[in-house]
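Observations on chain architecture
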Amino acid sequence: MAHILSIEDHQKTRELLVTMLEAMGHTAESAIDGESGVEAAKSGNFDLILMDIMMPGIDGREATRQLRTAGIKLPIIA
């Protein structure tokens, strides 16, 4: 199964995503905004990122640009 990072600013959605992913047999971690998501992706060993597009501060598009600039080639689903 996959190790998945969910980057989502809404708490309920974040909790639901992690619960659903774990119920499917995946391991999941979450980040509360684009900035913490970029840091988590750089330091973690993930197979996939689920990215919210509309977040305060660094939005999903900018977070994706930063990850690609840093050489992170993981699949990112927005």
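1. Here's the deal with the nonpolar core
- Counting 15 residues, the largest nonpolar core has Leu-5, Ile-7, Ala-41, Ile-49, Met-51 and Leu-67 as its most contacted members.
- Broken down by secondary-structure element, the contributors of at least two residues to this core are β1 (3–7), α2 (34–43), β3 (48–51) and α3 (60–69).
- The dominant element in this core, judged by the number of residues it contributes, is α2, at 3 residues.
- If near-sequence neighbours (up to four positions away) are discounted, Ala-41 is found in contact with Leu-5, Phe-46, Ile-49, Leu-67 and Ile-72.
- Of all hydrophobic cores here, the second largest spans 7 residues; its members include Val-18, Ala-28, Leu-48 and Leu-50.

2. Remarks on the side chain of His-3
- Along the chain, His-3 falls in strand β1.
- A polar contact of 3.0 Å, which involves the side chain of His-3, links it to the side chain of Glu-29.
- In this structure His-3 touches Thr-27, Ala-28, Glu-29, Asn-45, Phe-46, Asp-47 and Leu-48, once residues within four positions along its chain are discounted.

What counts and how
Residues numbered from 1 in each chain as written. Predicted model: local features only at pLDDT ≥ 70, side-chain atom pairs only at ≥ 80, totals over all residues. Heavy atoms only, no water. Core = buried A, V, L, I, M, F, W, Y, C linked by side-chain atoms within 4.5 Å. Buried < 20%, exposed > 50% of the residue type's maximum accessible area, 1.4 Å probe, protein only. Helix = DSSP H or I, 4+ residues; strand = E, 2+ residues; numbered from the N terminus. Contact = heavy atoms within 4.5 Å. Polar contact = N/O pair within 3.5 Å; in protein donor to acceptor, adjacent residues only side chain to side chain.

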